[in-house]
Amino acid sequence: MKILCTNDDGYMAEGLRVLAEAARTLGEVNVVAPDREQSATSHSLTIHRPIRARRSADGVYVVDGTPTDCVIMAVNELLASTPDFCLSGVNHGSNMGEDVLYSGTVAAAMEATVIGVPSAAISYTGDEFETLDHWGPLLEGLLRQILGQDTFPPHTLLNVNLPAVAPEGVRGVRITSLGRRRYADAITRILDPRGREHFWIGGGISAWNGGREADFRAVQEGFISVTPLHLDLTSYELMEEIRGWNLAL
Ligand code: MN
């Protein structure tokens, strides 16, 4: 099995190293990753400047573009053949609820799905990234099951979040839905040393809500959250109602 690994934290991130190492026990791995931090770049594509790719001493393709660029470059140009599976992560931080709309890690997995390559995004909801190494064996076991399925549902990706506990403390795996994040103080207004104001997005403490099956509940309770996502955002149940508006020229 040929596995493409990528991320949005950059090619030097510990999470990517741990992911690639786990994936190597399951097949032939190629790593194609951004040359720098690309978190929260979502599904952006670099089309107004050239993109460069180089190969690091340990064989990683390093791309000066977004996670989406990396997947497109990998499949269309850099790799000898189309990968059988794409793994994105392990992201340094959670990707739950609306996070999936901003995340470059999830977008890379989505891009693979668009191209027709089955994929999963994996994120660690804790902040002790230097301990991600300990997750290797657990990750390997989980990936072995996911990649070992006879058929992977088309137009679908899995969004996996690891709880902020030690791997020995994980209680199990739950299949979940996306929760909803409520940000408090989403923008901070600060003065710079010269007294001019500027703004900082994010960083506020967020609260969550959502149903019993929501992703954040699973990780809060010490479970690995696995959310199946599809890319068709159409609200089929609303089509009839909007037709009733009789929009016309
Ligand atoms: Mn990230």
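For the structure, check the block above.
These numbers come from a predicted model, not from an experiment.

Peer 1: Would you explain the sheet that holds strand S8 (residues 172–175) in this entry?
Peer 2: Picture the strands of a sheet paired through backbone hydrogen bonds; they go either parallel or antiparallel. In spatial order, the strands read S3-S4-S2-S1-S5-S6-S7-S13-S8; together these nine strands make up an open sheet with mixed pairing. Where the open sheet ends on each side, the last strands, each with one partner, are strand S3 (53–55) and S8. For this sheet the average axis-to-axis angle between neighbouring strands, irrespective of direction, equals 20°. Across four bridges, the pairing between S8 and strand S13 (residues 223–230) is parallel. Along S13, the bridge assignment pairs Arg174 with Ser225. Strands strand S1 (2–6), strand S2 (28–34), strand S5 (85–92) and strand S6 (119–124) of the sheet are contacted by helix H1 (residues 14–24), whose axis makes an angle of about 145° with S5. With respect to the sheet, helix H4 (residues 104–115) is in contact with S1, S5, S6, strand S7 (156–162) and S13, its orientation differing from that of S6 by roughly 170°.

Peer 1: Teacher, can you tell me more about the packing of helix H2 (residues 67–78) against H4 here?
Peer 2: Helix-helix packing is described using two parameters, namely the angle between the two axes and the distance between the axes. The interhelical angle for the contact between H2 and H4, taken along N-to-C directions, is 35°, at an axis separation of 8 Å. With respect to the hand of their crossing, H2 and H4 are arranged in right-handed fashion. Taken together, the residues of H4 that come into contact with H2 (itself represented by Pro67, Thr68, Val71, Ile72 and Val75) are Gly104, Ala107, Ala108, Glu111, Ala112 and Ile115. Residue classes in the contact of H2 with H4 are distributed as eight nonpolar, two polar and one charged.

Peer 1: Honestly, the coordination of the manganese ion in this entry has me stumped. Any pointers?
Peer 2: The reference angle at a metal is 109.5 degrees if four donors form a tetrahedron and 90 or 180 degrees if six donors form an octahedron. All of the protein donors around the manganese ion are Asp8 (OD), Asp9 (OD), Ser39 (OG) and Asn91 (OD1); their distances to the metal are 2.1 to 2.2 Å. Counting residues between consecutive donors of the manganese ion along the chain gives the motif D-D-x29-S-x51-N. A residue pair is termed long-range when its members are at least 10 positions apart, and Asp8 in the loop between S1 and H1 and Asn91 in strand S5 qualify at 83 residues. An identical accessibility class is assigned to Asp8 and Asn91; each is buried.

Peer 1: Help me out: how do you make sense of the environment of Ala120 in this one?
Peer 2: Structurally, Ala120 can be placed in strand S6. The sequence separation of Ala120 and Ala109 amounts to eleven residues, and the corresponding C-alpha distance is 5.8 Å.

Peer 1: Sorry if this is basic, but what is going on with unusual backbone geometry here?
Peer 2: Each neighbour pair has its own omega, and for Gly89 with Val90 the value is -15°, a cis peptide bond. Looking at the element boundaries, Val90 is found in strand S5. Residue Ala40 is not a glycine yet carries a positive backbone phi of 65°. Mapped onto the elements of the fold, Ala40 is located in the loop between S2 and S3. Of note in this structure, His155 is not a glycine but carries a positive phi near 55°. Considering the arrangement of structural elements, one finds His155 in the loop between helix H5 (136–147) and S7. The exposure class of His155 is exposed, given its relative accessible area of 63%.

About the criteria used
Residues numbered from 1 in each chain as written. Predicted model: local features only at pLDDT ≥ 70, side-chain atom pairs only at ≥ 80, totals over all residues. Heavy atoms only, no water. Pairing = 2+ DSSP bridges. Helix = DSSP H or I, 4+ residues; strand = E, 2+ residues; numbered from the N terminus. Axes fitted to C-alpha atoms, helices over the stretch in contact; angles between N-to-C directions. Contact = heavy atoms within 4.5 Å. Left-handed = near helix turned anticlockwise from the far one by under 90°. Nonpolar A, V, L, I, M, F, W, Y, C, P; charged D, E, K, R; others polar. Donors = N, O, S within 2.8 Å, 3.2 Å for Na, K, Ca; no water. Buried < 20%, exposed > 50% of the residue type's maximum accessible area, 1.4 Å probe, protein only.

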